[in-house]
Amino acid sequence: MHPPVPSAEPRHRTVEAPAGRLHLVEQGTGPLVLLVHGFPETWYSWRRQLPALAAAGYRAVALDVRGYGRSSKPAATDAYRMLDLVADNVALVRALGEERAVIVGHDWGSSIAASCALLHPEVFRAVALLSVPYAPPGGPRPSDVFARMGGDQEFYVSYFQEPGRAEAEMEPDLRGWLAGFYAAMSGDTMPTPGEPDPHFVARTGGRLRDRFPSGTLPSWLAEDDLDVYAAEFERTGMTGALNRYRNMDRDWEDLAQYAGAPIRQPSLFIGGALDASTTWMADAIDTHPVTLPGLSSSTVLDGCGHWIQQERPEEVNRLLTSWLASLQD
């Protein structure tokens with residue numbers, strides 16, 4: 001257990017990495033905890049974890065994943081494959097003067113964190129997965145799976161594949177699109193059962209935002225918070241973020257040698273009971289005792305949607321700091 005220390009103010013900096021430049025926000029001193037966000041977010045999604053982890057005696061570092069925020073945005077679509085994102089995080093740990101780190105991820109960040117732990121156990125000594133459970137590499141080609149989902153509707157991951165298509169929906173009104181997307185996946189504002197599912201679009205002329213709630217923000221998202229996200233994506237556009245989805249088949253090929261492989265380091269899972277990632281991937285959660293043999297605990301928060309560390313910061317912070325305190329340095 002690390003004694004609590006006064007929490008200094010968060011500090012912005014950039015470091016060199018394979019992406020070119022990675023922007024990060026750092027708070028606290030002690031063992032390194034790397035926080036990796038998902039789509040469509042930035043380091044800011046960890047704003048409520050940084051001070052809590054710092055106060056608990058950790059060096060908490062939240063980065064902008066390549067393609068987001070103030071980090072570099074390579075032009076090539078295939079520059080966003082999982083192997084590149086893992087290499088960024090290894091380089092980030094080294095650039096911070098550390099040999100090892102605990103890695104915590106949410107949404108796509110959960111998949112990135114899991115891949116980091118799987119490929120580099122010598123660097124990532126423990127892994128916490130938020131919202132998206134661990135599913136080992138392997139199985140059918142992802143694009144084939146997504147193409148079969150939805151019947152006469154198109155699954156959002158398939159919708160995201162063609163460069164420029166989703167951008168044309170999002171970028172004319174980024175603030176409004178983000179507000180609707182966040183609301184559609186939040187426990188207190190998501191569509192009720194029986195309403196059209198915002199994970200799908202009509203195959204002809206459909207838009208995701210046609211199924212978003214309108215006129216209300218989730219309780220965790222203040223107007224000022226939305227302003228922060230909107231300002232970043234207005235500046236960067238959405239292509240860097242969407243390119244993560246456009247590499248899923250490449251990842252499937254790149255990671256084929258790890259098919260079925262477990263992650264053996266100490267691990268933690270936290271999900272939201274109302275999150276599609278939890279319900280659709282219930283089988284992956286059920287097999288965690290095999291795929292995550294070092295799993296310390298698995299918690300599903302009632303009434304919680306997808307944006308788990310923002311919807312339920314106190315509970316997530318308590319679970320994270322308790323788990324971190326149980327780890328051996």
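Residues numbered from 1 in each chain as written. Predicted model: local features only at pLDDT ≥ 70, side-chain atom pairs only at ≥ 80, totals over all residues. Heavy atoms only, no water.

Peer 1: Please clarify how unusual backbone geometry should be interpreted in this entry.
Peer 2: Residue Pro40 is bonded to the preceding Phe39 through a cis peptide linkage, with omega at -15°. Inspection of the secondary structure puts Pro40 in the loop between β3 (32-36) and α1 (50-55). Positive phi, close to 60°, is recorded for Asp107, a residue that is not glycine. Counting through the fold element by element, Asp107 comes out in the loop between β5 (101-106) and α3 (108-119). Classification of Asp107 as buried rests on a relative accessible area of 11%. A positive phi angle, near 80°, is found at Ser131, a position not held by glycine. Its location among the elements puts Ser131 in the loop between β6 (124-130) and α4 (142-147). (Helix = DSSP H or I, 4+ residues; strand = E, 2+ residues; numbered from the N terminus. Buried < 20%, exposed > 50% of the residue type's maximum accessible area, 1.4 Å probe, protein only.)

Peer 1: Before we go on, may I ask you to explain empty space enclosed by the protein in this structure?
Peer 2: Empty space among the atoms can be located by rolling a probe the size of a water molecule over them. Throughout the structure, instances matching the rule amount to two cavities of 30 Å³ or more. Computed from the structure, the largest cavity encloses a volume of approximately 70 Å³. Every residue lining the largest cavity is listed: His37, Gly38, Phe39, Val65, Arg66, Tyr68, Tyr80, Leu85, Trp108, Ile112, Gly240 and Arg244. In terms of residue class, the lining of the largest cavity is built from seven nonpolar, three polar and two charged. Around the second largest cavity, the lining residues are Val36, Leu63, Val65, Arg66, Leu85, Asp88, Asn89 and Ile112. In terms of residues, the lining of the second largest cavity owes the most to one element, helix α2 (residues 82-95), which gives three residues. Looking at the lining of the second largest cavity residue by residue, the class counts come to five nonpolar, one polar and two charged. (1 Å grid on protein atoms, 1.4 Å probe; cavity = no way out; pocket = protein on both sides within 12 Å on 5 of 7 lines; lining within 4 Å. Points joined across faces, edges and corners; volume = space filled by probe spheres on them. Nonpolar A, V, L, I, M, F, W, Y, C, P; charged D, E, K, R; others polar.)

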